[in-house]
Every structure is written in structure tokens, then in C-alpha cells.
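Remarks on the overall topology
Below are the chains, spelled out letter by letter.
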Amino acid sequence: MEINNFKSYCDQFDRASQELKLDENLASLLKYPDRELAVELPLIRDDGSLKVLRGYRIQHNDARGPFKGGLRFHPQVDVDEVRALSALMTFKTALVDIPFGGAKGGIQVDPATLSQRELEQLTRTFVRAISPVIGVQTDIPAPDVNTNAQIMAWIMDEYSQTNGYSPGIVTGKPISLGGSQGRESATGVGVSITLRETAKHRNMPLEGATVAIQGFGNVGSWAARTLHEYGCKIIAVSDARGAIYNKEGLDIPALLEHQEAHGSIHLSSLAEPIEQDELLCLECDFLIPAALGGVIHKMNAECLRCKVVIEGANGPTTPTADEVLWKKNIPVIPDILANAGGVIVSYYEWVQNLQRHYWEDGEVTRKLERKLVDSFYETAALAHSRKELSYRTAAFMLSIKRVAEAIEMRGRIT
Ligand code: GLU
């Protein structure tokens, strides 16, 4: 099914800006990206042939601080997707109140089809292509779908070669190169903290709560690990190759070992295989979409049987599906809150890079906890203050207000 991510985001934005009765021109300024860069990236393949790939860096808004957001390497990357994701970053950083704006970038490529050398070359070519618009105080990339600490290390190195040692140019780096304790696990841990607070807030027991997780990459696997430690029962997980189900709850440490050995959770003997689509429709307390956007849409929203959706991925629920879920009384904890743990710890990483002074793991975790819990209750309080307000609209309202205020205070409208 064709999903236009930018249209979905616009719908979410419009709803919140109407609730806020935002001036129409200010709303339009806030809604669309400030700057869009598309780049052509030549790559000499290992067999000597030339392939030209397309990349983007879209800077949505920097009124509250430097542009900030990840880089995605995926065949579905296109201008509309990156636009939507860049806007979500602006409102995510504003919602959790860290001094950044929002951006996103990516390359339209399946990195699984590239050798390690090709991946490194492509990353370095991309850094050179976007270097006029990024900078430690201007725009700071980070990992996203199919990008990792190694790729961030290449970015840091390529940028530093022309600009001098610049660890603060990118976050999500390996610890040995100025990465932060807790950054790798931050998004998944943040999803788990949000789920835990949601359970508390809605009087649902956490111990023994049943959870289905779509996606077992960085976000899904760290969420599974943390929730397992909280005493939740992870009854199903899936990745790009398949899905598995065990109503007694999966043995997550054993599953992680299986994934490590085989590169996938698929065919694990710990559980029975199910269809990937079935996972979304399982009866459970919490459903965590932690893969790509647009996976809960008008064709399948009706089948959901969870009590709450926690959005680990960016943009997993389309506006039409949101409406169906609202009618079914299934609350959705939105992406800009639920998966904000990653960018929160990115902020801590950047601060440590600027200070050249590094914190212990416990300090990072404590600060992350506090930020997320405060943001959760702020959002929940607004959502519960009016009858027709979803968590998503409340989250957008809080963040739009903050960005609008910064734009006005800076005198950007003259
Ligand atoms: N890609 C992550 C996100 O969507 C992290 C971005 C960052 O750390 O800058 O929030």
C-alpha cells in the first residue's frame, strides 16, 4: 500500500495547529522545511562499474538550536519521507525540551547490497556532498534505519579531515571515538520507559504485561531486552525475514543469542513462526511498531487487538488508522515522545563532546529517565485535560508552541 509520509505528518500538524488556533502564516512557516538539499552520489562498485545514488539532507527548523536528526540508508528513502521525518525531529526535540531543531537525511540504497568498502566510500562521498550545510553548531546527523556507530565514525573522520577534530559533528559514535555511554540502547530503553509510565498512568500492571514488537533492529531489540527485565512478557517479535510467537513469553536473552548467530530471529526454535502481518493483530497489552513508517494503516487498523500502541518507529500509524484506533479506544503513544530517548542521549553525547568531558553510564541513564518521564506526564496532562485530545495531538501542541515561541522571540518574522 502506498503511504505518503509527508501527507500523514501534515495531517497531524494541522490538527494540532488548529487546536492551538495558530496564525495561518506562522503555521505554514512551521510546517514546511527551512532548507532541502538533494545530492547525487557517484560510487565505484567493487567490480569497477559506476552507480549513482541519490541522497538528501532536509533541515526542517533550527529556531531552538542546531538542526538535529538521523541518516537513513534504505531503498524507500525519498524526498517526501525525509521531509516528514525532518519535521518529526523538530517537534521531538521541542517536546522533550532539548536545545535542537530538526533535520533528517538519507540515501536511497539497500546497504545489504553493498560491500563494507562500498558502504564506507558512499558514506564519505555523502559527507562531502552535504558538508556545506552541516556543522557542530549548525546541523548534527545521527544513526537511523540501517545506519550504525561504524557509519557515524566514518562521518566524524571525513568531516574532521577538513575541519579539524570534530567529534560533535555527529552523534551515535562508538564510545572509543567520543560516543556516549547509553547511546546505543537509548531509543529502545526510552520506548520501555514510556511504556512503563503509560502502564502506571493507566493502571495497567507492568509485571506480566504482554507485548508484541514489530521490528528487532536497534530499537526493537533494546526495547525487548529492557521490557523483559521489567518483567513484561514479550509474546511476539518480527524482523524483515519473519515473525515468531510464544504466548508464554519469549526467552529474550536466548533470542538475542540466536539473532547474533544467524542474523535474524527467523527460524528460532524458541517459538512458533507466524505471518508478519499477524503480529500486528495479536491480542496483547502493548503493541510496539519499531520498524518502518505507515505500517498501521486503514486496511489493518481495524484488526488491532492491543490495549495501547507505543510508537517505537517514526510515523508507523497513518492518520486514518489513528482515527480508527481512537474509535476503538486504543490510545497511541506517539513517536515524538515514545522514541525520543535516542535524540535525548544524542544531546548528552554532543554536550560531552563540546566539554571534552565524559559521563558515567549511571548519569546518562538518570538524566534520560528524568527527561522522558517529565515529558510523558506533561503530554498526558494536556491530553487528559480535554475530551477529544489524543496523546499525539497533545504532544504536537506542546512542541509547536515551543517552536513558535522561539521563532517569534528571535524575530524571525519581520
Ligand atoms: N534517528 C533517531 C530519531 O529518529 C535519533 C536522531 C538523533 O539522535 O539525532 O529520533
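Structural data are supplied above this passage.
Let us look at the structure shown here. (Residues numbered from 1 in each chain as written. Predicted model: local features only at pLDDT ≥ 70, side-chain atom pairs only at ≥ 80, totals over all residues. Heavy atoms only, no water.)

1. What to know about the site of the ligand
In the vicinity of the ligand lie 14 residues, with K68, K92, P143, D144 and S346 positioned nearest. Take K104: an N or O atom from its side chain is 3.0 Å from an oxygen atom of the ligand. Between an oxygen atom of the ligand and a side-chain N or O atom of S346, the distance comes to 2.5 Å. The fraction of the free accessible surface of the ligand (290 Å²) that becomes covered by protein chains is 95%. Mapped onto the shell around the ligand, the elements with two or more residues apiece are α3 (79-95) and α12 (341-355). Considering each element in turn, the shell around the ligand owes the most residues, three residues, to α12. Its residues placed into classes, the shell around the ligand shows four nonpolar, five polar and five charged. (Near = heavy atom within 4 Å. Polar contact = N/O pair within 3.5 Å; in protein donor to acceptor, adjacent residues only side chain to side chain. Areas by Shrake-Rupley, 256 points an atom, 1.4 Å probe, with all protein chains shown as cover. Helix = DSSP H or I, 4+ residues; strand = E, 2+ residues; numbered from the N terminus. Nonpolar A, V, L, I, M, F, W, Y, C, P; charged D, E, K, R; others polar.)

2. Overview of the pairing of strand β7 (residues 210-214)
Extensive coverage of β7 is indicated by the burial of five of its five residues. The two faces of β7 match: T210, A212 and Q214 on one face and V211 and I213 on the other face are all buried. Bridge analysis of β7 against strand β8 (residues 233-239) gives five bridges, and the strand direction is parallel. Paired with I213 across the strands is V237, a residue of β8. Of the pairings in the sheet, the one linking β7 to strand β11 (residues 283-289) comprises four bridges and is parallel in character. Within β11, the residue paired with Q214 across the bridge is P289. (Buried < 20%, exposed > 50% of the residue type's maximum accessible area, 1.4 Å probe, protein only. Pairing = 2+ DSSP bridges.)

3. Considering the nonpolar core
One finds Y9, L30 and F91 to be the most contacted residues of the largest nonpolar core, which totals 64 residues. At eleven residues, the largest contribution of residues to this core is made by helix α14 (residues 391-409). Contacts of F91, omitting those with residues within four sequence positions, involve Y9, F13, L30, H60, I336, F396, S399, I400 and V403. (Core = buried A, V, L, I, M, F, W, Y, C linked by side-chain atoms within 4.5 Å. Contact = heavy atoms within 4.5 Å.)

4. With respect to the sheet that holds β11
In a beta sheet, neighbouring strands are held together by backbone hydrogen bonds and run either parallel or antiparallel to one another. Read from one edge of the open sheet, seven strands run β10-β9-β8-β7-β11-β12-β13, paired in mixed fashion. Edge positions in the sheet fall to β10 (272-274) and β13 (332-333), since each has one partner strand and no second. Packing of helix α6 (residues 183-201) onto the sheet brings it into contact with β7, β11, β12 (305-310) and β13, and relative to β11 it is tilted by some 145 degrees. (Axes fitted to C-alpha atoms, helices over the stretch in contact; angles between N-to-C directions.)

5. Digging into a negative patch on the surface
Together, D23, E24, E405 and E408 make up a negatively charged patch on the protein surface. Looking at where E24 falls in the secondary structure, it is placed in helix α2 (residues 24-31). Judged by its relative accessible area of 70%, E24 is exposed. (Patch = residues over 30% accessible without salt bridge, like charges linked within 9 Å, V, L, I, M, F, W, Y side chains within 5 Å. Salt bridge = Lys/Arg side-chain N within 4 Å of Asp/Glu carboxyl O. Lys, Arg positive; Asp, Glu negative; His and termini not counted. Charge placed at Lys NZ, Arg CZ, Asp CG, Glu CD.)

6. What to know about the packing of α6 against helix α7 (residues 218-230)
Closest axis-to-axis distance for the α6/α7 pair is 7 Å, and the angle between their directions is 50 degrees. Considering the angle they form, α6 stands oblique to α7. Where α6 crosses over α7, the two elements pack in a sense that is right-handed. Facing α6, whose interface residues are E184, S185, T187, G188, V189, V191, S192, I193, L195 and R196, α7 presents N218, V219, W222, A223, T226, L227 and Y230. Of the residues in the contact of α6 with α7, the class split is nine nonpolar, six polar and two charged. (Parallel < 35°, antiparallel > 145°, perpendicular 65-115°, else oblique. Left-handed = near helix turned anticlockwise from the far one by under 90°.)

7. Thoughts on the pattern of salt bridges
Counting across every chain of the model gives 32 salt bridges. When the shortest N-O distance is used, the salt bridge between E363 and K367 registers 2.9 Å. Residue E363 and its partner K367 are located together in helix α13 (residues 361-385), separated by four residues, close to a single helical turn. When its relative accessible area of 29% is taken as the criterion, E363 is described as partly exposed.

8. Examining α12
A rise of 1.5 Å per residue sets the reference length of α12, with its 15 residues, at 21 Å; its end C-alpha atoms lie 21 Å apart and thus fit the reference within 8%. Across the 15 residues of α12, 13 count as buried, placing the element largely inside the fold. Backbone geometry just after α12 places R356 at a positive phi near 50 degrees. (Expected span 1.5 Å × (residues − 1).)

9. Things to note about the side chain of T210
Mapped onto the elements of the fold, T210 is located in strand β7. Since its relative accessible area comes to 18%, T210 is described here as buried. The residues touching T210, leaving out its near neighbours within four places in the chain, are K233, I235, C284, D285 and F286.

10. Overview of the environment of A103
In this fold, A103 is placed in strand β5 (residues 102-107). For A103, a relative accessible area of 0% gives the class buried. For the pair A103 and R83, spaced 20 residues apart in the sequence, the C-alpha separation amounts to 8.2 Å. Each residue touching A103, except ones within four places of it in the same chain, is listed here: R57, I58, Q59, H60, F67, K68, G69, G70, S86, M89 and D139.

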